[in-house]
Amino acid sequence: MSAESPCARLRVSVITETYPPEINGVANTMGHLVRGLGQRGHQVHLVRPRQPGETPASGFRETLVPGVPIPGYRGLRVGLPVARRLRRVWESSWPDICYIATQGPLGHAALSAARALGLPAITGFHTQFHQYSRHYGLEALGQSIMRTLRRFHNRSEATLVPTAQLRDELAALGFRRVRIVSRGVDTDLFSPQRRNRPG
């Protein structure tokens, strides 16, 4: 959909534990998502953990929540479960939909708050924590992590994934209502006009 396409203007609450200027794949994806929604005329409310020494970004509404550092990942924080606070925030400014991009305590709190208020909530499957358990010597926890992820995502209206392969993998593991929202390409940055010609 182009920026000029007519569509309903939505109030979208985006809940994430990582966002630019943090540098990782999820932060990058969330930055593009929030900018893209704003360019299409949607009102974005961003909920994320406060990073040390920062102030809210300009251009859209933010709710910065408390967080704790992630061991081994300097500069990243896990948002604390603030369901009661999110309920108050959303009751004072009702979103049309919540997009929950984190599977941690903040994401669980956001999903619980949205369901308690009857707000539509969709989740994003951005990080395959169940596979990471092998790399950290926690293979025994893999099945438990998968059950927790499946229970979390199946409580939402839909789970968004970037590829058909991941959709099929999750469906085979018992995830319901898995939908593809593929990653986009910046056609201004990656266009034929910018091609380097040989010679």
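As a reminder, the structure under discussion sits directly above these lines.
Keep in mind it's a predicted model, so treat the numbers as computed, not measured. (Residues numbered from 1 in each chain as written. Predicted model: local features only at pLDDT ≥ 70, side-chain atom pairs only at ≥ 80, totals over all residues. Heavy atoms only, no water.)

### A closer look at the packing of helix α2 (residues 83–92) against helix α3 (residues 105–117)
Now for step 1: At a minimum axis distance of 8 Å, the contact between α2 and α3 shows a crossing angle of 50°. One finds that α2 runs oblique with respect to α3. Where α2 crosses over α3, the handedness of that crossing is right-handed. Between α2, through Ala83, Leu86, Arg87, Trp90 and Glu91, and α3, the contact on the second element is made entirely by Leu106, Ala109, Ala110, Ala113, Ala114, Ala116 and Leu117. (Axes fitted to C-alpha atoms, helices over the stretch in contact; angles between N-to-C directions. Helix = DSSP H or I, 4+ residues; strand = E, 2+ residues; numbered from the N terminus. Parallel < 35°, antiparallel > 145°, perpendicular 65-115°, else oblique. Left-handed = near helix turned anticlockwise from the far one by under 90°. Contact = heavy atoms within 4.5 Å.)

### A look at the pairing of strand β1 (residues 11–15)
A regular strand places its side chains on the two faces of the sheet in alternate fashion.
Now for step 1: With respect to burial, β1 is a largely interior element, 4 of its 5 residues being buried.
Now for step 2: You can see the chain leave β1, run along helix α1 (residues 25–39) and come back into strand β2 (residues 43–49), and the turn it takes is right-handed.
Now for step 3: Looking at chain direction, β1 and strand β6 (residues 97–100) are connected through 4 bridges and run parallel. Residue pairing in the sheet places valine 14 in a bridge with tyrosine 99 of β6. (Buried < 20%, exposed > 50% of the residue type's maximum accessible area, 1.4 Å probe, protein only. Right-handed = clockwise from strand over helix to strand, strands pointing away. Pairing = 2+ DSSP bridges.)

### Focus on the side chain of threonine 102
Now for step 1: Residue placement: threonine 102 occurs in the loop between β6 and α3.
Now for step 2: The buried category is assigned to threonine 102, whose relative accessible area is 4%.
Now for step 3: There is a polar contact of 2.5 Å between the side chain of threonine 102 and the side chain of glutamate 17.
Now for step 4: In this structure threonine 102 touches Ile15, Thr16, Glu17, Gly107 and Phe152, once residues within four positions along its chain are discounted. (Polar contact = N/O pair within 3.5 Å; in protein donor to acceptor, adjacent residues only side chain to side chain.)

### Focus on unusual backbone geometry
Now for step 1: In the segment running from proline 20 into proline 21, the intervening peptide bond is cis, with an omega of 15°.
Now for step 2: Of note, the phi angle at arginine 177 is positive, near 55°, even though the residue is not glycine.
Now for step 3: Structurally, arginine 177 can be placed in the loop between α6 (164–172) and β9 (178–180).
Now for step 4: Residue arginine 177 is classed as partly exposed on the basis of its relative accessible area, which comes to 31%.

### Some details on the packing of aromatic side chains
The description of an aromatic ring pair uses the distance of the two centres, along with the angle that the planes make with each other.
Now for step 1: Going through the model one piece at a time under the given rule, you end up with 1 aromatic pair.
Now for step 2: With centroids separated by 5.8 Å and ring planes inclined at 85°, the aromatic side chains of phenylalanine 125 and phenylalanine 175 adopt a geometry described as edge-to-face. Here phenylalanine 175 lies in the loop between α6 and β9 and phenylalanine 125 lies in the loop between β7 (121–124) and α4 (129–135), a separation of 50 residues in the sequence. Both residues of the pair, phenylalanine 125 and phenylalanine 175, count as buried. (Phe/Tyr/Trp six-rings, centres within 6.5 Å; stacked < 30°, edge-to-face > 60°.)

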